[in-house]
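Next come the chains, spelled out residue by residue.
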Amino acid sequence: MSKKLRYVVIFLVLAIIAAGFAWWYTFRETDRSVASYKTDVTIDAASLLQAFESNEDSANIVFREKIILVTGTVGSITQDTTGYSVYLKENDAISGIICRFDRPAFNPELATVGSSISIKGLCNGYLMDVVLDKCSIPDMP
Amino acid sequence: MIILVMLSVFQIAGAQKVVTKSGHIWFYSHTPLEEIEAHNRQVVSIIDETTGEISFMLLVKSFEFKRALMQVHFNENYMESDKYPKSTFKGKITNLDKIDFKKDGIYPAEVSGDLTVHNVTKPFAYKGTIEIKGGVVSAKAKFTTTPREFNITIPAVVENKIAKEIQVTVEATYASN
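Computed from a predicted model, the values in this text were never measured in an experiment.

Undergrad: I'm lost on the packing of aromatic side chains in this one. Help?
TA: Evaluation of the coordinates by the stated rule reveals 17 aromatic pairs over all chains. A centroid spacing of 5.8 Å and a plane angle of 70° characterise the contact between Phe27 of chain B and Phe65 of chain B, whose relative ring orientation is edge-to-face. Taken together, the positions of Phe27 of chain B in strand S1 (residues 17-30) and Phe65 of chain B in strand S4 (residues 64-65) put the pair 38 residues apart, joining distant regions of the chain. With a relative accessible area of 12%, Phe27 of chain B lands in the buried category. Linked through ring pairs, Phe27, Phe63, Phe65 and Phe74 of chain B together constitute an aromatic cluster. The lysine or arginine in question, Arg28 of chain A, covers the ring of Trp24 of chain A, its NZ or CZ lying 5.2 Å from the ring centre.

Okay, here's the thing in structure tokens:
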């Protein structure tokens, strides 16, 4: 009898774990920044842009859906209702890397126009610029 | 002096096009079972004030949903964004004569052109507004569309969770180029 009861308890526990996992899997929220993700590619802004400008298709294969740590010069910072866009662009360039931050992931004190910065983000491809989403500014050693 | 003249000519020439790289497009699907909303704030748009040409370009993967699984389904099952990463609109403002880009105001704008979603291009016309405030141009539009128009099949299991008509809102604030 007690053996049967033990099976029932084990079954119930497993069922609860499975249900919990299914619940989590279905309703989990989107991560708002990639701060806790592992970096796939470390690159400077000019090389990243160059890769997309010379061959978008092959650059997509290498960089899209990857977590990129990119270093470049801050060209401009714009703010909207839910976050910030930091535009990495060299003075004379027409394009650059556009990095979107959700508000809690951005600290305006860490970025000044004209200075160098490293930004971690999810590369989603290229429009007029290379697009990084869910960005964060990693702590520098 | 020559440099000054050249500079001002350049500025006039440059003022004809306005650009944004952080336009905001979001869509909304409402059914009694499920509310779905997704935002894309990395939309590129260009308006040529002299010809009335207007274009929008976005990466489908930049649409952000509240729930991660919805975003996965949207990209993998419906939009197939690995195969078709971009959506675009290329068109013209057809009532350009009624819009004065030099004068503050809110102008109704009629736009028609081609909308490409999921690799399907459809002729598309809508009414929006163009606002000029202190020389800054912004555009707004709201329209509805259906997944079916763009060959997006919604499986029967989730049919009741995804609205037949999807409301799309466009908001963009431009800077002169």
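Undergrad: Before we go on, may I ask you to explain the side chain of Thr20 of chain B in this structure?
TA: Residues and elements named next belong to chain B. Structurally, the position occupied by Thr20 is in strand S1. Residue class for Thr20 comes out buried when judged on its relative accessible area of 4%. One polar contact links the side chain of Thr20 to the main-chain carbonyl oxygen of Thr173, over a distance of 3.2 Å. Once residues lying within four places of it in the same chain are set aside, the contact partners of Thr20 are Val43, Val44, Ser45, Ala172, Thr173 and Tyr174.

Undergrad: Can you walk me through the interface of chain B and chain A in this structure?
TA: Frequently, the measure chosen for interface size is the accessible area removed from exposure when the parts meet. In this complex, chain B contributes 23 residues to the contact, which on the side of chain A involves 28 residues. The largest contributions to the chain B side of the interface with chain A come from Lys21, Arg41 and Gln42 of chain B, which together make up 28% of the buried area. Taken together, chain B and chain A are joined by 6 salt bridges. In this structure, Lys86 of chain B and Glu56 of chain A form a salt bridge, with 2.6 Å as the shortest nitrogen-oxygen distance. Our count for the chain B to chain A interface comes out at 17 residue pairs in polar contact (both at pLDDT 80 or more).

Undergrad: When you look at the pairing of strand S2 (residues 67-79) of chain A in this model, what are you seeing that I'm missing?
TA: Moving residue by residue along a regular strand, the side chains alternate between the two faces of the sheet. Residue and element names in this part refer to chain A. Note: strand S1 (residues 41-44) against S2, 4 bridges, orientation parallel. When the bridges of S2 are listed, Val41 appears paired with Ile68. Relative to strand S5 (residues 116-126), S2 runs antiparallel, the two sharing 7 bridges. Bridging across to S5, Thr73 finds its partner in Ser116. As paired elements, S2 and strand S3 (residues 83-88) share 5 bridges and run antiparallel to each other. Bridging from a neighbouring strand, Ile77 pairs with Val86 of S3. Where S2 hands over to S3, the hairpin turn is made up of 3 residues, counted between the paired strands.

Undergrad: Can you help me understand empty space enclosed by the protein in this one?
TA: Gaps between atoms show up when a probe of the same size as a water molecule is rolled over them. Within this structure, the stated rule accounts for 2 cavities of 30 Å³ or more. The calculated volume of the largest cavity comes to roughly 80 Å³. In terms of lining, the largest cavity is formed by Ile54, Phe56, Ala109, Val111, Tyr126, Gly128, Thr129, Ile130, Ala139, Lys140, Ala141 and Val170 of chain B. Those elements giving two or more residues to the lining of the largest cavity turn out to be strand S3 (53-59), strand S6 (105-117), strand S7 (120-133) and strand S8 (136-145) of chain B. Looking at which element gives the most residues to the lining of the largest cavity, the answer is S7 of chain B, with 4 residues. What the second largest cavity holds in volume is close to 30 Å³. Taken together, Ile98, Leu127, Met128, Asp129 and Val131 of chain A together with Lys21, Gln42 and Val44 of chain B make up the full set of residues lining the second largest cavity. Residue composition of the lining of the second largest cavity, grouped by class: 5 nonpolar, 1 polar and 2 charged.

Rules behind the numbers
- Residues numbered from 1 in each chain as written.
- Chains lettered and ligands numbered in written order.
- Predicted model: local features only at pLDDT ≥ 70, side-chain atom pairs only at ≥ 80, totals over all residues.
- Heavy atoms only, no water.
- Phe/Tyr/Trp six-rings, centres within 6.5 Å; stacked < 30°, edge-to-face > 60°.
- Helix = DSSP H or I, 4+ residues; strand = E, 2+ residues; numbered from the N terminus.
- Buried < 20%, exposed > 50% of the residue type's maximum accessible area, 1.4 Å probe, protein only.
- Lys NZ or Arg CZ within 6 Å of the ring centre and 35° of its normal.
- Polar contact = N/O pair within 3.5 Å; in protein donor to acceptor, adjacent residues only side chain to side chain.
- Contact = heavy atoms within 4.5 Å.
- Buried area = accessible area lost by both parts, 1.4 Å probe.
- Salt bridge = Lys/Arg side-chain N within 4 Å of Asp/Glu carboxyl O.
- Pairing = 2+ DSSP bridges.
- 1 Å grid on protein atoms, 1.4 Å probe; cavity = no way out; pocket = protein on both sides within 12 Å on 5 of 7 lines; lining within 4 Å.
- Points joined across faces, edges and corners; volume = space filled by probe spheres on them.
- Nonpolar A, V, L, I, M, F, W, Y, C, P; charged D, E, K, R; others polar.

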